[in-house]
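For reference, the chains in residue letters:
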Amino acid sequence: MKKQLFFACIILSIVFSSCKNEENKKEESPAETEAIKNSFKVTLTATVTVDDNFQLYYSQNDYEAPYQEDNSVWVSIKANEKPQDIVFVLPEDVLPNYIRIDFGTNERQKEIIIQNFKMNYFSKSFEAKDSLFFNYFIPNDCVTILEKNKSVVQNIKSTDGRYDPLFYSEKALYDQIQLLIK
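Residues numbered from 1 in each chain as written. Predicted model: local features only at pLDDT ≥ 70, side-chain atom pairs only at ≥ 80, totals over all residues. Heavy atoms only, no water.

Participant: Explain the sheet that holds strand β8 (residues 137-139) to me, using residue names and the numbers behind them.
Facilitator: Ordered by their spatial adjacency, five strands build an open sheet running β3-β2-β5-β11-β8, and the pairing between neighbours is antiparallel. Every other strand in the sheet has two partners, leaving β3 (72-77) and β8 as the edge strands with one partner each. For this sheet, the mean angle separating the axes of adjacent strands, direction not counted, is 20°. Here strand β2 (residues 52-59) runs beside β3; their pairing, made up of six bridges, is antiparallel. The residue bridging N53 from the neighbouring strand is S76, located in β3. Contacts between helix α3 (residues 171-181) and the sheet are confined to β5 (98-102), β8 and β11 (166-169), with β5 contributing the most and set at about 120° to the helix. (Pairing = 2+ DSSP bridges. Helix = DSSP H or I, 4+ residues; strand = E, 2+ residues; numbered from the N terminus. Axes fitted to C-alpha atoms, helices over the stretch in contact; angles between N-to-C directions. Contact = heavy atoms within 4.5 Å.)

Participant: Help me get a handle on the environment of F126, residues and values and all.
Facilitator: Position of F126 among the secondary structure elements: in strand β7 (residues 124-129). Not counting the four nearest positions on each side in its chain, F126 is found in contact with F117, K118, M119, Y136, L173, Q176 and L180.

Participant: Mind laying out the nonpolar core, listing which residues take part and the relevant values?
Facilitator: Membership of the largest hydrophobic core comes to 35 residues, with the highest contact counts inside it found for F103 and F117. Among the secondary structure elements, those contributing two or more residues to this core are β1 (41-48), β2, β3, β4 (84-89), β5, β6 (112-121), β7 and α3. Ignoring sequence-local partners within four residues, the contact set of F117 consists of V42, T43, L44, I99, I101, F126, E127, A128, F133, F137 and L173. (Core = buried A, V, L, I, M, F, W, Y, C linked by side-chain atoms within 4.5 Å. Buried < 20%, exposed > 50% of the residue type's maximum accessible area, 1.4 Å probe, protein only.)

Participant: Kindly report on the pattern of salt bridges, identifying the contributing residues and their values.
Facilitator: Side chains that carry opposite charge are capable of pairing whenever their charged atoms lie near each other. In this structure the tally under the stated criterion is seven salt bridges. One salt-bridge network, in which partners are shared between bridges, spans D141, D160 and R162. (Salt bridge = Lys/Arg side-chain N within 4 Å of Asp/Glu carboxyl O.)

Participant: Go over α3 with me, naming the residues and quoting the values.
Facilitator: Two residues of an α-helix separated by three or four positions point the same way, owing to the 3.6 residues in each turn. Residues of α3 that are buried include every one of L173, Y174, I177, Q178 and L180, and no others. Within α3, the buried residues cover an arc of 160° as seen down the axis, which keeps them to one side. Residues of α3 that are buried make contact with β5, β6, β7, β8 and β11. (Arc of directions from axis to C-beta.)

Participant: Now, about unusual backbone geometry: what can you tell me, with residues and values included?
Facilitator: Although it is not a glycine, D93 sits at a positive phi angle of roughly 70°. If you trace the backbone, D93 turns up in the loop between β4 and β5.

Participant: Any chance you could break down the pairing of β7 for me, citing the residues and the numbers?
Facilitator: Sheet topology note: the β6/β7 ladder contains six bridges and is antiparallel. Following the sheet pairing, K118 is matched in β7 by E127.

Participant: Give a detailed account of the environment of S39, specifying residues and quantitative values.
Facilitator: Along the chain, S39 turns up in the loop between α2 (30-38) and β1. Put simply, S39 and V94 are 55 residues apart on the chain and 7.4 Å apart in space, counted from C-alpha to C-alpha. For S39, the contacting residues outside a window of four places in its chain are V89, L90, P91, E92, N120 and Y121. Engagement of the side chain of S39 in a polar contact is seen with the backbone oxygen of L90, the distance being 3.5 Å. (Polar contact = N/O pair within 3.5 Å; in protein donor to acceptor, adjacent residues only side chain to side chain.)

Participant: So what's going on with the packing of aromatic side chains? Residues and values would help.
Facilitator: Here a ring pair, both rings aromatic, is described through the centre-centre distance and the interplanar angle of the planes. One pass over the structure, following the stated rule, counts 15 aromatic pairs. Here the aromatic rings of F103 and F167 are separated by 4.9 Å at their centres, their planes lie at 50°, and the arrangement is tilted. One end of the pair, F103, is in the loop between β5 and β6; the other, F167, is in strand β11, with 64 residues separating them in the sequence. Assigned by exposure class, F103 and F167 land together as buried. Among the aromatic side chains, those forming a connected cluster through ring pairs are F54, F103, F117, F133, F134, F137 and F167. (Phe/Tyr/Trp six-rings, centres within 6.5 Å; stacked < 30°, edge-to-face > 60°.)

Now the structure itself:
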């Protein structure tokens, strides 16, 4: 009798744990997976040691100013002492000409170390490792580059007390985007 009860408990625990795992899995349809795969994707690999939210703005026109909130993607970031991928997936059929990356809204953010910047579109990709990032982006007055060769930046308040750390893309990045999308 003890053996039967033991086996019944094992079978029930397997059934309940597998049902729980099925509930936790997010079902993505093949169409959703294909749409993400074929979307323009930007990945910033960085060490961010304080929880924050980064935002990527995109412009589909030449020199669209200012960037529009409707043309942006937010990513929530959990603090980590190690580099992590911050992935921005643009809506399907959106091909940017210029982008802007806002480096957070948390005024208690510490130094950020940029390890890599990468763009993907279908099978094509472009990558700028470490300090090469600065060849393609210009910081605004709310960002201080502490060590350019190590890609260390610090978010700060501007002289007028505004906190909006961001990087604008350069013409060189526009050229790389054009190579990806053609």
